[in-house]
Every structure is written in C-alpha cells, then in structure tokens.
Amino acid sequence: MSDVQDGVGEPDAFERLWTPHRILYIKGENKPTTSDEADCPFCRIPAMDDAEGLIVHRGEVAYAVLNLYPYNAGHLLICPYRHVSDYTDLTDDETAEVAVLTKQAMRVMRTVTSPHGFNLGMNQGSAAGAGIAAHLHQHVVPRWGGDANFMPVIGHTKTMPQLLGDTREMLANAWPEE
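Within each chain, residue numbers correspond to sequence positions counted from 1 in written order. Under the rules for a predicted model, residues below a pLDDT of 70 receive no local features and side-chain atom pairs below 80 are neither given nor counted, while totals for whole chains, interfaces and linings still include all residues. No hydrogens and no water enter the side-chain calculation; it runs on all heavy atoms of the structure.

*Asks:* So what's going on with the packing of helix H4 (residues 92–112) against helix H6 (residues 164–174)? Which residues, and what values?
*Replies:* To get an axis, a line is fitted to the C-alpha atoms, and for a helix only the part in contact is used. The angle between two axes follows their N-to-C directions and goes from 0 to 180 degrees. Each helix is a run of H or I in the DSSP string that is no shorter than four residues. Each strand is a run of E no shorter than two, and both are numbered from the N terminus. Viewed as axis vectors pointing N to C, H4 and H6 meet at an angle of 110°, and their least axial separation amounts to 9 Å. The angle between the axes of H4 and H6 places the two elements in the roughly perpendicular class. On the side of H4, the interface is formed by Val108, Met109 and Val112, while H6 contributes Met170, Leu171 and Ala174. Split by residue class, the contact of H4 with H6 holds 6 nonpolar, no polar and no charged. For classification, angles of less than 35 degrees are called roughly parallel, those exceeding 145 degrees roughly antiparallel, those between 65 and 115 degrees roughly perpendicular, and all remaining angles oblique. Note on contacts: a residue pair qualifies if any of its non-hydrogen atoms lie within 4.5 Å across the two residues. Throughout this entry, Asp, Glu, Lys and Arg are counted as charged residues, while Ala, Val, Leu, Ile, Met, Phe, Trp, Tyr, Cys and Pro are counted as nonpolar. The remaining residues, Gly among them, count as polar.

Next comes the structure, spelled out in structure tokens:
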C-alpha cells in the first residue's frame, strides 16, 4: 500500500469526506463525567469570553451559545446560567427568558441565514437523549430543504458549510440590542 493511501484501502469510485473532529464527540470529549456544576460545560462557558465560549448572546438569567457538536449550521442552545436539570425546576424568570431567547434566535437566524424551518426541543434526562442531562438546554436548529441529504444517511457524515467562529460572529452581530 502506498503512503498516498494513508491506510484507507484500495482506491475505488467513492469520494471520501473525512470529518476527524467528530471522533471527539463520539469519544465523549467535553462530556461531563459527573452531574456536578464544576464538571458542567454549560456552567463553565459563561466565564469565557464570547468568542472562546461560542456565546452568541448573554441575557440576565439565560444565554444563547452555539452547539460545539451541531446537528446543522447555526445550531444554538439556550441555557439558563443556573445549574438546573428539569424544566419544572426553572424559575418563572428563567422560563420566560429561555422562551424569549428562543424566539430571538429564530428571528436572528431568519435574518442572516434564511432557514426554511426549525427544530426546537429539550431532551429531559439521559433516557430522552440528553447528552448533558444535568443542565437543561433548549435546542434551536435551523433547517433547510435538502439539508438532510445522502451524507448522513449513507456516509454517516454531516457536512458543515461554515466554521463555528464565523457562525457565532454572524449571529452575535445580528442579535438585537436590549
């Protein structure tokens, strides 16, 4: 085998899109090992500057941050600052601001990226699919017709057309001032 093949096997008719960054998510990098606040990325992120933490907007009791392992370009998470796992444990102020930031996120994305639709949701508990069950977060995922093409179905690969830093800057710049 030649060094050009780099261990990928015999050449064939398929083009390959390598996404080595995904292995970090698969292996659980940045995933908390406990449910403690000290081990929670959603508690650590607000202490970072906006660009480093991928924060798009800071509210009073909640904030909008890009998902480090997005389902789609522009995938945002709306998180309360407080370490709380269950929706029913949110204060009225937290519930209201999570809702307001979700609406603002949709408006901003419509302005800057013109998605055709959105997936919104919270996964409550590990059994429901929450990757970080100890800290509630609302997903705001922009969708476009045809964004779920053959790549994830056949190639188990999601193509991302924009770098996270560029997406964060674009959305943060378009977020309305209070």
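*Asks:* Account for the pairing of strand E5 (residues 138–143), naming residues and giving values.
*Replies:* Across the 6 residues that make up E5, a large majority, 5, are buried. When strand E4 (residues 117–121) meets E5, the two strands line up antiparallel, connected through 5 bridges. Its bridge partner lying in E5, Phe118 is registered against Pro142. Only protein chains enter the area calculation, which uses a 1.4 Å probe; residues under 20% of their type maximum are buried, those over 50% are exposed, and those in between are partly exposed. Between any two strands, at least two bridges found by DSSP are needed for them to pair.

*Asks:* Give me the nonpolar core: which residues, what numbers.
*Replies:* To define a nonpolar core, start from buried Ala, Val, Leu, Ile, Met, Phe, Trp, Tyr and Cys residues and group those joined through side-chain atoms within 4.5 Å. Counting residues in each nonpolar core, the largest one holds 27 residues, and the members touching the most others are Phe42, Val56, Val65, Leu76, Val140 and Trp175. Mapped by element, the contributors of at least two residues to this core are strand E1 (55–58), strand E2 (62–66), strand E3 (76–80), H4 and H6. The dominant element in this core, judged by the number of residues it contributes, is H4, at 6 residues. If we ignore the near neighbours within four places in the chain, the residues touching Val140 are Gly74, His75, Leu76, Ile78, Thr102, Ala105, Met106, Met109, Phe118, Asn119 and Leu120.

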